[in-house]
Amino acid sequence: MAEILVAMSGGVDSSVAAAMLVADGHDVTGVTLKLWGGESDSGCCSVSDVEDARRVAQQLGIDHHVFNFGDDFDKHVIAPYVEAYDEGRTPNPCIECNRHIKFDKLLRRADALGFDLIATGHHARIVTDADGFLRVSRGADSAKDQSYVLHMLDQRQLRRLMLPVGDITKERVRELAHELGLRTATKPDSQDVCFIHSDGGRRKFLGDRIPLSPAVIVNRAGQQLGSTDAVQLVTIGQRKGLGLAGNDDRNYVVDIDRRNGVVTVGPESETFDPHTELVDVAWSGTSVDGLLHIQCSAHGSRATGRLEGSRVVWDEPHRRVASGQSVVFYVGDEVVGGATAA
Amino acid sequence: MVHYLDHAATTPVRRAVVEVMTRLMCDGVGNPSGAHRLARDANRILDEARDQMASALGAAPGEIVFTAGGTESDNLAVFGTLEARGGRAVCTAVEHHAILEPVESSGGQVVPVLPTGQIDLDALAEALTPDVSIVSVMLANNETGIVQPLAQVAELVRSQAPNALLHTDAVQAFSWLDVASIGRVADLVSVSAHKFGGPQGVGALVMRAGANVAPRLRGGGQERGRRSGTQNVAGIAGMAVAATETVRDRPAEILRISALRDRLADGIRESIPGVVESGVPSEWSTDEVARPGRGNQPDRRNKTANVCHVCFEGLESEALLFLLERNDVLASAAASCSSGAQEPSHVLAAMGYDRQLAFGSLRLSLGHTSTAADVDAVLNVLPEAVERLRTAELGAGMSDISAAVAVRGSVGG
């Protein structure tokens, strides 16, 4: 039996994670992190999410606390998110939240409070590989796999972490929640970035914080096809939402010149690259020379390629990876390293 | 054994209150607006409670309006005055949100406080223009226990905005200050039963004759039309018993509790480096403790007897509260958001506290059930808990923390 602090977001996965730990006889305490004080779809202060987590904790007969990590969230997630868009990169705020908030700040807090372990409701597994290293591995439910957003966890963090729902499917999670009568059993999965409100979207969020600048949209021949008032919101490979004919297969964004305010569109083929440049390459154990499975977005498919220095050479041309996106390397189901697209 | 040091949040209901309320509810309480015998009994109970509250608050019975608590009393005072008289509301930056929200949402003015936590009287004088219709200055602060100079405020209001009503939120003060006397300068006075041993959800507003305030709740015209809705008869009877006992015991309790509080606060300052006690001049530094026969006692004259409010450098109080609870010490940091998260204190911000320091705040508040064992328990567990968190969360050395406090100088003093 261990003393475990389980991060409960108020969603079904972390509810069931807590329930599974209780069922296994652990001494479980729930905590909900208050991260964002602004508007969000879950309501001000996410009071309703906190309430869901608290009520589930009551049903499970465990203590529940709320920690306000708002300042850390502003500093480590919001500010870099805004800065990335301002500088033409496409950030992964969920990864930064995991890196700095859940698996750093919360882990240190758990240490200070005397907990042995922390747990979350992520769909991923922790496995011990042949070298004795702990590795993040894909969850049992490949459609819900979240190993991508946990790829950066190091040995120190993995030793202290439990991911109870990683071994079961999302369907089974909901079944268990129903069987236990948890009020979160039918709660919809969270979809988007938690601090972006669906009414104003990314445009309002960024527009409130940085000046958005206009750009003309041209084709490869230099012919102007349209314009946008916020070049910061345009992403490489994007086709929809530019005010152009959405089904025209020559209207993929192939180049963004923010300085001069020019967005160039072209055929889909131009959005594919034979290789992708990386920065901040990090291996979770020893580096792997051979073939890797590589994933470039949270729910993206995995392509194959190899690492040559700080560049991925793809087996087949790969859709261009937006600068700032995390690029995660797998061997089989196991995370072996990661990097950021340059 | 649980050590409850959160009496400023709510204090245990007095035995006599439980007895009177239980008896009333068991026997059956009529609707005091009715005509039959049970109704007349209820009305008599209300009348007696009104007399007792009037006596406890230094008012005439007809000036007592029963409400559902401090927040309602505060809202009634501000919104009711603005509705009846128009004009503008003025309050201090350290008021409870039950005052701040009404004042700010109605376009009123918030007057700053000095680093001592007391109102900046010069700034108040500037704010007191003829269009001001209500000035709200709390008697004692709910986080720090710092007492406001109400008499001086009243003098300024009378001379510069003679048509304005003066309201004081005495919710935190009633157990520890002679509100019947000090509050006489105010036209409107709020109290809440659960802060002095009565039940939750019951309160009163003193509304002096001539202080015409429009009702917020309209309906059956109860409370002389000033607050409609069937009165909470048992609760009001309980509040009256609690108020009477509080006034009866107050002189002795102030002595007993302030001695406990001083031992608690002095003990914390002696055993833990890097601590700032709010509203207490800081020239009494931890260095002087080392000297035998210290000549310079901390001056807590501007604080209510029951509050020990301190800020620790280099830790976050939500973690500290967790460790204290594990050791059966129940306390609080400051105000809590409805989500249950710790929010940075607007009171400490108004006093000029650094945001990080404010996140390390701890309010230990004593009350009528507090004993020496409660103080001992805190002094036993707090130093180790503080050190553990500072080591774990910051990894900073104690000397660095002390230095940071020293550099910060007279914050809180």
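Criteria and thresholds
Residues numbered from 1 in each chain as written. Chains lettered and ligands numbered in written order. Predicted model: local features only at pLDDT ≥ 70, side-chain atom pairs only at ≥ 80, totals over all residues. Helix = DSSP H or I, 4+ residues; strand = E, 2+ residues; numbered from the N terminus. Buried ≥ 20, exposed ≤ 12 C-beta atoms within 10 Å, placed from the backbone. Contact = placed C-beta atoms within 7 Å. Domains from an automatic or database assignment. Core = buried A, V, L, I, M, F, W, Y, C linked by C-beta atoms within 7 Å. Pairing = 2+ DSSP bridges. Nonpolar A, V, L, I, M, F, W, Y, C, P; charged D, E, K, R; others polar. Axes fitted to C-alpha atoms, helices over the stretch in contact; angles between N-to-C directions. pLDDT = per-residue confidence, 0-100.

### Here's the deal with the overall build of chain B
Right, so step 1: Summing up its helical and strand segments, chain B has 13 helices and 12 strands in all.
Right, so step 2: The buried share of chain B, reckoned over its 413 residues, is 53%.
Right, so step 3: Long-range pairs, those at least 24 residues apart, make up 72% of the contacts in chain B between residues at least 6 apart in sequence.

### Some thoughts on the domain arrangement of chain A
Right, so step 1: Segmenting chain A into domains produces domain 1 (3-179), domain 2 (212-266) and domain 3 (272-341).
Right, so step 2: For domain 2 of chain A and domain 3 of chain A, the distance between their C-alpha centres works out to 27 Å.

### Notes on the environment of A127(B)
All names here are of chain B.
Right, so step 1: By the element assignment, A127 lies in helix 5 (residues 121-127).
Right, so step 2: Along the primary structure A127 and V90 are separated by 37 residues, whereas in three dimensions their C-alpha atoms are 7.5 Å apart.
Right, so step 3: Those residues in contact with A127 that lie beyond four places of it in its chain are V90, Q109 and V111.

### Notes on the nonpolar core
Right, so step 1: Counting 199 residues, the largest nonpolar core has V6(A), A18(A), I118(A) and L320(B) as the members making the most contacts within it.
Right, so step 2: Tallying contributions element by element places helix 8 (residues 233-271) of chain B first for this core, with 13 residues.
Right, so step 3: Among all residues touching V6(A), those that are not within four sequence positions of it are S14(A), A17(A), A18(A), L21(A), V28(A), G30(A) and A119(A).
Right, so step 4: Among the nonpolar cores identified, the runner-up in size contains 11 residues, and A215(A), I236(A), Y252(A) and V265(A) belong to it.

### Considerations on the pairing of strand 15 (residues 311-319) of chain A
All names here are of chain A.
Right, so step 1: Here five bridges tie strand 12 (residues 272-283) to strand 15, and the two strands are oriented antiparallel to one another. Bridging from a neighbouring strand, D273 pairs with H318 of strand 15.
Right, so step 2: In textbook terms, the turn of a hairpin is the stretch between consecutive antiparallel strands, and for strand 14 (residues 302-308) and strand 15 this stretch comprises two residues, one of which, G309, has a positive phi near 65°.

### Observations regarding the domain arrangement of chain B
Residues and elements named next belong to chain B.
Right, so step 1: Under the domain assignment, chain B is made up of domain 1 (13-247) and domain 2 (250-408).
Right, so step 2: Summarising the inter-unit geometry, the C-alpha centres of domain 1 and domain 2 are found 30 Å apart.
Right, so step 3: Its residues assigned to classes, the side of domain 1 that touches domain 2 comprises 12 nonpolar, 10 polar and one charged.

### Details of the sheet that holds strand 9 (residues 275-277) of chain B
Residues and elements named next belong to chain B.
Right, so step 1: Taken in spatial order, the three strands of this open sheet run 9-10-12, and their pairing is antiparallel. In this open sheet, the two strands that pair with only one neighbour each are strand 9 and strand 12 (361-365). Here the average twist between neighbouring strands, direction ignored, is 25°.

### With respect to the environment of D374(B)
Residue and element names in this part refer to chain B.
Right, so step 1: Note that D374 resides in helix 12 (residues 372-394).
Right, so step 2: Sequence separation between D374 and L57 is 317 residues; the distance between their C-alpha atoms is 30 Å.
Right, so step 3: The residues touching D374, leaving out its near neighbours within four places in the chain, are H3 and L5.

### A word on the confidence of the model for chain B
Residue and element names in this part refer to chain B.
Right, so step 1: Per-residue confidence for chain B gives a mean pLDDT of 91, with 90% of residues at or over 70.
Right, so step 2: Here residues 284-294 is modelled with pLDDT under 50, and outside its nearest four sequence neighbours on either side it reaches eight contacts, counting other chains as well.
Right, so step 3: The ipTM for the predicted assembly is 0.87, set against a pTM of 0.89.

### Looking at the sheet that holds strand 7 (residues 161-162) of chain A
All names here are of chain A.
Right, so step 1: Pairing is parallel across the open sheet formed by five strands, whose spatial order is 3-2-1-4-7. Among the strands making up the open sheet, the edge pair consists of strand 3 (63-68) and strand 7.
Right, so step 2: Direction of pairing for strand 1 (residues 3-7) relative to strand 4 (residues 117-119): parallel, over a ladder of three bridges. Residue pairing across strands places V6 opposite A119, the latter belonging to strand 4.
Right, so step 3: On the sheet, helix 1 (residues 12-23) packs against strand 1, strand 2 (27-34) and strand 4 and is oriented at approximately 165° with respect to strand 1.

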